[in-house]
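Summary of structural features
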Amino acid sequence: MGNTPATALGAMILFVIAAPAGVYGQNHTPDKATIVKSLGQTEFSPYAGRDYPTRVFWGDTHLHTAVSVDAGTMCRLGQEDAFRFARGEEVSTTYGLRAKLSRPLDFLVISDHAEMYGLMPQLLAGDPEILSTDAGQRWYAALTSGNTDAVFGTAMEIVASLSGDEPPIKSSKAVANAWHAYTALADRYNEPGRFTALIGFEWTAIGGYNLHRNVIFRGDANLANQTVPFSQFDSKNPEDLWRHLAAFEERTGGEVLAIPHNGNLSNGRMFTVETFDGNPLTKEIAELRARYEPLVEVVQIKGFGEAHPALSPNDEFAGYEIWDRSNLNGTELKKLEMLRWEYAREALKTGLMLEQKLGVNPFKFGMVGGTDAHTALTAVEEDNFFGKHSGVEPEPNRWKHVVIEAPDPKLTVFGWQQAAAGYAAVWASENTREALFDAMKRKETYATTGSRMTVRFFGGWEFSDQDTKSRLPAGVGYAKGVLMGGDLRSAPAGKAPTFLVAAAKDPYSGNLDRIQIVKGWLDANGEPHEQVFDVVWSGERKPDADGKLPSVGNTVDVRTATWSNTIGTPELIGVWRDPSFDPTQRAFYYARVIEIPTPRWTAYEALRFGVTMPAEVPMTTQERAYTSPIWYTP
Amino acid sequence: VRRLLRDPLLQFLAIGAVLLGLHAAFGGKESDAPAKIVVSAAQITNLEQTFARTWQRPPTSDELEGLIEDFVRDEVYYREGKALELDRDDIVIRRRIRQKMEFFAEDMAVAEPTDGELGAYLATHPEQFRSEGSVSFRHVFLSSKRGEALEADAGEIAAALAAANGRDAAALGDGFLLGGEFSAMRRSDVVNDFGGNFADNLFTAKAGSWQGPIVSPFGLHFVFVSERTESGIPPLEAVRAAVEREWANARRVEKLDEFYRTLRGRYEVVVEAPPTAPRPEEVRGAVR
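From a predicted model like this one, the values you see are computed outputs, not experimental measurements.

Digging into the overall build of chain B
Within chain B, the regular secondary structure consists of 10 helices and four strands. Helices and strands appear in chain B in the N-to-C order α-α-α-α-α-α-β-α-β-α-α-β-β-α. Per-residue burial for chain B yields a buried fraction of 30% across its 288 residues. Here chain B has roughly 19,000 Å² of accessible surface; of this, 55% comes from carbon and sulfur atoms.

Overview of the overall build of chain A
Helices and strands together make up the secondary structure of chain A, namely 15 helices and 28 strands. Over its C-alpha atoms chain A spans a radius of gyration of 26 Å, differing by no more than 12% from the 26 Å that the globule rule assigns to 634 residues. Seen through its C-alpha atoms, chain A measures out along the principal axes to roughly 100 × 60 × 50 Å. Expressed as a percentage of its 634 residues, the buried residues of chain A come to 62%. Of the side-chain charges in chain A, 61 are positive and 78 negative, and the distance between the mean point of each set is 4 Å.

Regarding the sheet that holds strand 9 (residues 303–304) of chain A
With mixed pairing, the three strands of this open sheet are ordered in space as 9-8-10 (chain A). Every interior strand has two partners, whereas the edge strands, strand 9 and strand 10 (366–369) of chain A, have only one.

Section: the confidence of the model for chain B
Residues and elements named next belong to chain B. Per-residue confidence for chain B gives a mean pLDDT of 82; residues scoring 70 or more make up 82%. Mean pLDDT values over the elements of chain B span from 49, in helix 1 (residues 2–6), up to 95, in helix 9 (residues 196–202). Across residues 1–5, where pLDDT falls below 50, the model places 13 contacts with residues more than four positions away in sequence or in other chains. The low-confidence segment residues 278–288 (pLDDT under 50) makes 22 contacts with residues lying over four places distant or belonging to another chain. The ipTM assigned to the predicted complex is 0.79, against a pTM of 0.81.

As for empty space enclosed by the protein
Tallied over the full model, the rule gives eight cavities of 30 Å³ or more. For the largest cavity, the calculated volume is near 90 Å³. What lines the largest cavity is A:R55, A:V56, A:W58, A:R103, A:R452, A:T454, A:K505, A:P507, B:L178, B:N192, B:D193 and B:F218. Within the residue set of the lining of the largest cavity, elements represented by two or more residues are strand 1 (55–63) of chain A together with helix 8 (187–194) of chain B. In terms of residues, the lining of the largest cavity owes the most to one element, strand 1 of chain A, which gives three residues.

So, the packing of helix 6 (residues 115–124) of chain B against helix 10 (residues 236–264) of chain B
All names here are of chain B. Where helix 6 meets helix 10, the closest approach of the two axes is 9 Å, and the angle between their N-to-C directions is 90 degrees. Looking at the two axes, helix 6 sits roughly perpendicular to helix 10. On helix 10, the residues touching D115, E117, L118, G119, Y121 and L122 of helix 6 are L236, V239, R240, V243, E244, E246, W247 and A250. Of the residues in the contact of helix 6 with helix 10, the class split is eight nonpolar, one polar and five charged.

Observations regarding the sheet that holds strand 2 (residues 181–186) of chain B
All names here are of chain B. With respect to topology, four strands assemble into an open sheet ordered 2-1-4-3, the strand pairing being antiparallel. The strands lining the two open edges of the sheet, one partner per strand, are strand 2 and strand 3 (210–216). If you compare each strand with its neighbour and ignore which way they point, the axes differ by 40 degrees on average. Here strand 3 pairs with strand 4 (residues 219–229) via five bridges, running antiparallel. In the strand pairing of strand 4, Q211 is matched with V223. Sitting on the sheet, helix 7 (residues 150–163) is in contact with strand 1 (134–143), strand 3 and strand 4, with an inclination near 125 degrees to strand 1. Against the sheet, helix 8 makes contact with strand 1, strand 2, strand 3 and strand 4, and its axis sits at roughly 125 degrees relative to strand 2, the strand it touches most.

Considerations on helix 11 (residues 283–292) of chain A
All names here are of chain A. Those residues of helix 11 that sit buried are I285, A286, L288, R289 and Y292. Relative to the axis of helix 11, the buried residues are bounded by an arc of 160 degrees and lie together on one face. Along its buried surface, helix 11 packs onto strand 6 (213–217), helix 10 (238–252), strand 7 (256–260) and helix 12 (344–358).

Brief notes about a nonpolar patch on the surface
Residues and elements named next belong to chain B. On the surface, Y267, V269 and V271 cluster together to form a nonpolar patch covering roughly 340 Å² of accessible area. With respect to the element layout, V271 can be found in the segment after helix 10. Classification of V271 by relative accessible area gives exposed; the value is 70%.

What about the interface of chain A and chain B?
At the junction of the two partners, chain A supplies 55 residues and chain B supplies 47 residues. Taken together, both faces of the contact between chain A and chain B bury some 4,200 Å²; the carbon and sulfur share is 49%. Considering only the side of chain A, the residues that lose the most area to chain B are A:R55, A:R471 and A:E571, jointly responsible for 17% of the buried surface there. Where chain A packs against chain B, one counts three salt bridges. The interface formed by chain A and chain B contains nine residue pairs in polar contact (both at pLDDT 80 or more). Breaking the side of chain A that touches chain B down by element, the ones donating at least two residues are strand 3 (98–99), helix 4 (119–124), helix 5 (128–131), helix 8 (172–189), strand 17 (454–460), strand 20 (498–504), strand 23 (571–577) and helix 15 (601–609) of chain A. No other element matches the five residues that helix 8 of chain A contributes to the side of chain A that touches chain B.

Thoughts on the pairing of strand 1 of chain B
Residues in a regular strand project their side chains so that they alternate between the two faces of the sheet. Residue and element names in this part refer to chain B. Extensive coverage of strand 1 is indicated by the burial of nine of its 10 residues. The pairing of strand 1 with strand 4 spans 10 bridges and is antiparallel. Directly across from H139, in strand 4, lies its bridge partner V223.

Some thoughts on the confidence of the model for chain A
Chain-level statistics for chain A give a pLDDT mean of 88 and a share of 92% at 70 or above. Here residues 1–28 of chain A is a poorly scored stretch, pLDDT under 50, and it has one contact once near neighbours within four places are set aside; other chains count.

Quick look at the packing of aromatic side chains
According to the stated counting rule, one finds 38 aromatic pairs over all chains in the structure shown. Note on A:F83 and A:F195: the rings are 6.4 Å apart at their centroids and 85 degrees apart in plane angle, and the pair reads as edge-to-face. On the criterion of sequence distance, the pair formed by A:F83 in helix 3 (residues 79–86) and A:F195 in the loop between helix 8 and strand 5 (196–203) is long-range, its members being 112 residues apart. The exposure classification of A:F83 matches that of A:F195, with both residues buried. Plain terms: the ring middles of A:F581 and A:Y632 are 4.9 Å apart, the flat faces sit at 75 degrees to each other, and that makes the pair edge-to-face. Within this pair, whereas A:F581 is found in the loop between strand 23 and strand 24 (587–595), its partner A:Y632 is found in strand 28 (residues 630–633), the two being separated by 51 residues in sequence. A:F581 gets classed as buried once you look at its relative accessible area, which sits at 15%. An aromatic cluster is built from B:F137, B:F141, B:F176, B:F182, B:F194, B:F198 and B:F218, whose rings are joined through pairwise contacts. Lying across the ring of A:Y189, B:R245 places its NZ or CZ 4.3 Å from the centre.

Details of the packing of helix 10 of chain A against helix 11 of chain A
All names here are of chain A. At a closest axis distance of 10 Å, the pairing of helix 10 and helix 11 adopts a crossing angle of 65 degrees. On the basis of the axis angle, helix 10 is roughly perpendicular to helix 11. Classified by chirality, the crossing of helix 11 by helix 10 is left-handed. Residues E239, W242, R243, L245, A246 and E249 of helix 10 lie in contact with helix 11, whose contacting residues are E284, I285, L288, R289, R291 and Y292.

Quick notes on the nonpolar core
With 119 residues, the main nonpolar core has A:F83, A:F217, A:Y446, A:F457 and A:Y589 as its most contacted residues. The leading source of residues in this core is helix 8 of chain A, at seven residues. With residues near it in sequence (within four places) discarded, A:F83 still touches A:L108, A:I110, A:Y182, A:L185, A:A186, A:Y189, A:F195 and A:A197. Counting residues in hydrophobic clusters, the runner-up holds 22 residues, among them B:V190, B:L202, B:A205 and B:V223.

What about the environment of B:R228?
All names here are of chain B. If you trace the backbone, R228 turns up in strand 4. Judged by relative accessible area, R228 falls into the partly exposed class, the value being 23%. Sequence separation between R228 and A207 is 21 residues; the distance between their C-alpha atoms is 7.8 Å. Setting aside residues up to four positions removed in sequence, R228 forms contacts with S134, V135, L202, F203, T204 and A205. A polar contact is formed between the side chain of R228 and the backbone oxygen of F203, at a distance of 3.5 Å.

Criteria and thresholds
Residues numbered from 1 in each chain as written. Chains lettered and ligands numbered in written order. Predicted model: local features only at pLDDT ≥ 70, side-chain atom pairs only at ≥ 80, totals over all residues. Heavy atoms only, no water. Helix = DSSP H or I, 4+ residues; strand = E, 2+ residues; numbered from the N terminus. Buried < 20%, exposed > 50% of the residue type's maximum accessible area, 1.4 Å probe, protein only. Areas by Shrake-Rupley, 256 points an atom, 1.4 Å probe, with all protein chains shown as cover. Rg over C-alpha atoms; globule rule 2.2 N^0.38 Å. Lys, Arg positive; Asp, Glu negative; His and termini not counted. Charge placed at Lys NZ, Arg CZ, Asp CG, Glu CD. Pairing = 2+ DSSP bridges. pLDDT = per-residue confidence, 0-100. Contact = heavy atoms within 4.5 Å. 1 Å grid on protein atoms, 1.4 Å probe; cavity = no way out; pocket = protein on both sides within 12 Å on 5 of 7 lines; lining within 4 Å. Points joined across faces, edges and corners; volume = space filled by probe spheres on them. Axes fitted to C-alpha atoms, helices over the stretch in contact; angles between N-to-C directions. Parallel < 35°, antiparallel > 145°, perpendicular 65-115°, else oblique. Nonpolar A, V, L, I, M, F, W, Y, C, P; charged D, E, K, R; others polar. Arc of directions from axis to C-beta. Patch = residues over 30% accessible without salt bridge, like charges linked within 9 Å, V, L, I, M, F, W, Y side chains within 5 Å. Salt bridge = Lys/Arg side-chain N within 4 Å of Asp/Glu carboxyl O. Buried area = accessible area lost by both parts, 1.4 Å probe. Polar contact = N/O pair within 3.5 Å; in protein donor to acceptor, adjacent residues only side chain to side chain. Phe/Tyr/Trp six-rings, centres within 6.5 Å; stacked < 30°, edge-to-face > 60°. Lys NZ or Arg CZ within 6 Å of the ring centre and 35° of its normal. Left-handed = near helix turned anticlockwise from the far one by under 90°. Core = buried A, V, L, I, M, F, W, Y, C linked by side-chain atoms within 4.5 Å.

Below, the structure written as structure tokens:
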């Protein structure tokens, strides 16, 4: 009996090998369908049809230089320094430190404030036209006084003036000159395939309530020069900004998009169900928003805007770098009921409700991170963090320096509260303005808190555990599903959505702890809900009776600002099927990837400068990534 | 600001300022005759135009008379104020004058480079334009998740690769999120995805056969390098725009410095010891 199976197998192999000869002997050419069926895949060549993005590109969609009026009060680095730094060159900071990124970025949007664009360098140079204004003269005297307090006070005054009705200094010619100089510079630094300089600016309306947007152009200087930055002096109403963008597209044939940021400091104004004037949202305005705002910046130096512990009490990772005591300038206390109109996860839920009501989802956005640094340095690596503005660049006491001064000292923000975050990851077919812009439009993006991990996220009806064994998970993902930022519609009978999610660590950061999927949905009564699911994690951990996965642990030695990758894992891949799917209910899903604990920038700082910070200053962090959602619509 | 410079009036003013400055520097002497103020026809036209730009109509004769009188008043105060050296300690005036001098010098630096100049710049600053090396390779990946078995497994894979001459390599090892085959990948991208140590080894590995394993943060990789482009200095045609950009920047800095050094050479500078002040706390530690 022992030999029989082997003999039978041998005979079978012979038979199989002999069979095709017979087939070809009949001179019969099989059609593609037959071949594909027997292959179990759509093409023989594993490389055919691989026109999907194979590289993720890293960049910052939000950076200010001396050209911004506020940054210009303290920062001496201009737009050229910003481009050079981002593409990996060494520059000298305002205070003479040498600065360089660990690894170059692939793209950069310099988003200087539209308001009084480029006037600060001209003011500081003593431009007579600007000095002939009252504000110009007073600011000039203060900024050149050499008195640090006077400089900081003036900086704060200038920031406040951005919210006024009339520009304190007005010169449309100077703005146009500065804008043209910038677009020409961006064209010079834009090197397709190596480094992309996307043209953009920040519209900074309702300063204290932070309804700010970064506007990005798909085209070059020829296109961008057909307008000047739309500023809050043109209108403080974001709806007017979208109309302006629509008119620009109509007039020029170009393309633009806008990215709102820091909903966390808007005191309940960023993602509401009303128009700017306080009327119920209309379909027309919801459509405009959906069209021009495909992305939201969910993390940056001024804190986290994805989720808040009070809104997501069951999410143990919701409390990351939270700034929730007031609005941006500390003039209004935060109230609990404001939170739901500020954070991205809530907005995604609100969007489902609005879609049910209006037929359009104004909050159908993907996720990116940005820095919002006002130093011309997009430097948010934990061990290489140059701060929010040039008043808090590296020096021994910056952790206790004021970042934003509020009328009530209790609301003043101090150096240590800055988050060293974040970056935007974009899956594009190549590193060009057009490819990156198109990927942003289709939301094939994710946000990270600064670490550069690779994350793939696909949704479909047919993913199975077998797909995690694929040698090329991305190929399976694109073949069988929709990508991050995509849509699933009309569930096939008896099917629930399945998701293929995978991550590879940043070789220069911590191992991975886990991948989770955040689900939000509307129940039969139209009430929103959310739930966070652990999909795949490192090690042999088992969820406890409540379904909670034990913590991955912590290897950080704060004293030496080091950690070891003895916990966690370099890669994770998993397939998840929604266990509580109801095909009649609207839903969205996105992935969150969490790293093991690593030293926070404050730990590196304490070590380098030999300073001791109080216990309230966090010394460890868990870097993370958030993908754009995939939506299910019945 | 550059554009501002092209404004002919400003250029004229800048040149005037320089001439005045040079005149003063050479110690030109005021004449003893009563000083004369001439309001030229061109100046009057200029006053009229400036007025018209603001008011969208030409000035009446009364208004023009007023403008001229105001111009004379400006001139008188300017000359007398200068004679009293009121400009000396005025930080606004000092900065503005310095800026005009620098604009002037920068303007002198603006030039269209010849091919010869660009070629020479490329030849003397090759590292600024060095192209990155790139590599095409495939790998057999062994995940660190294999744990203690990793080393033994690597031995088996090495034997299999040797025996089959790597023909069935695609079926060996573990799947890898970033893929199994990479085409013309730049060195910086290899560093981004696999780390610097891996990149160093990959760029020195023998091409045309299976090598390794090389360690990365993900595990072990047997690599087959099919093609490698060494980093090198590209010809001028390939990097002309970049060389122009760097040449113009270098020339601007150089001319500005040259101009300043020439002027500085005319002075003997005496720096008196400053009063001793407590030194600010030294910044310790390396900040990258």
